[in-house]
Amino acid sequence: MLRSISLALFLSVIPATAFANSCPTIMAAIDAALPTATLSEADLAKVKDLRAQGEKLHAAGDHAGSEAALNEAKKILSM
């Protein structure tokens, strides 16, 4: 019985840790695209703000919010 509960708990935690690791990957992709981006000053400022917001949310443990902000930045960068 304890083995079944432990296995169920373990299997429920694995997907959460997998998705939590996508935030740094998205941030790295944005960082790589920024130097060659041809955006207006306003769009560039918005991307940088969204990127910073995504990092802050990731550090706070809000991975869904982080990914939303980072994906918005990617959309502006046309990634």
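Residues numbered from 1 in each chain as written. Predicted model: local features only at pLDDT ≥ 70, side-chain atom pairs only at ≥ 80, totals over all residues. Heavy atoms only, no water.

Draft legend 1. Representation of the side chain of Arg51. Its location among the elements puts Arg51 in helix H3 (residues 41–60). Apart from residues no more than four positions distant in its own chain, Arg51 is found in contact with Met27, Ile30, Asp31 and Leu70. (Helix = DSSP H or I, 4+ residues; strand = E, 2+ residues; numbered from the N terminus. Contact = heavy atoms within 4.5 Å.)

Draft legend 2. Region of interest: the pattern of salt bridges. Evaluated as defined, the whole model comprises 2 salt bridges. With its nearest N and O atoms 2.8 Å apart, the salt bridge here joins Arg51 to Asp31. Of this pair, Arg51 sits in helix H3 while Asp31 is found in helix H2 (residues 22–33), placing the two residues 20 residues apart along the sequence. Between Glu55 and Arg51 there is a salt bridge, and its shortest N-O distance comes to 2.5 Å. (Salt bridge = Lys/Arg side-chain N within 4 Å of Asp/Glu carboxyl O.)

Draft legend 3. How the structure looks around the side chain of Ser66. Within the secondary structure layout, Ser66 lies in helix H4 (residues 63–76). On the accessibility criterion, Ser66 (0% relative accessible area) is buried. Once residues lying within four places of it in the same chain are set aside, the contact partners of Ser66 are Cys23, Gly54, Leu57 and His58. (Buried < 20%, exposed > 50% of the residue type's maximum accessible area, 1.4 Å probe, protein only.)

Draft legend 4. The packing of H3 against H4, seen in detail. Across the interface, H3 lies against H4 with an axial gap of 8 Å and an inter-helix angle of 160 degrees. By the criterion of interaxial angle, the relationship of H3 to H4 is roughly antiparallel. Read as a crossing pair, H3 and H4 show a hand that is left-handed. Judged by residue contacts, Asp43, Lys46, Val47, Leu50, Arg51, Gln53, Gly54, Leu57 and His58 of H3 engage His63, Gly65, Ser66, Ala69, Leu70, Glu72, Ala73 and Ile76 from H4. Along the lines of polarity and charge, the residues of the contact of H3 with H4 split into 7 nonpolar, 6 polar and 4 charged. (Axes fitted to C-alpha atoms, helices over the stretch in contact; angles between N-to-C directions. Parallel < 35°, antiparallel > 145°, perpendicular 65-115°, else oblique. Left-handed = near helix turned anticlockwise from the far one by under 90°. Nonpolar A, V, L, I, M, F, W, Y, C, P; charged D, E, K, R; others polar.)

Draft legend 5. Layout of the confidence of the model for the chain. The predicted model of the chain has a mean per-residue pLDDT of 84, with 75% of residues at 70 or higher. Across the chain, element-level confidence peaks in H3 with a mean pLDDT of 95 and bottoms out in helix H1 (residues 2–20) with 56. (pLDDT = per-residue confidence, 0-100.)

Draft legend 6. How the structure looks around unusual backbone geometry. Even without being a glycine, Ser78 presents a positive backbone phi close to 60 degrees. Along the chain, the position of Ser78 falls in the segment after H4. Judged by its relative accessible area of 68%, Ser78 falls in the exposed class.

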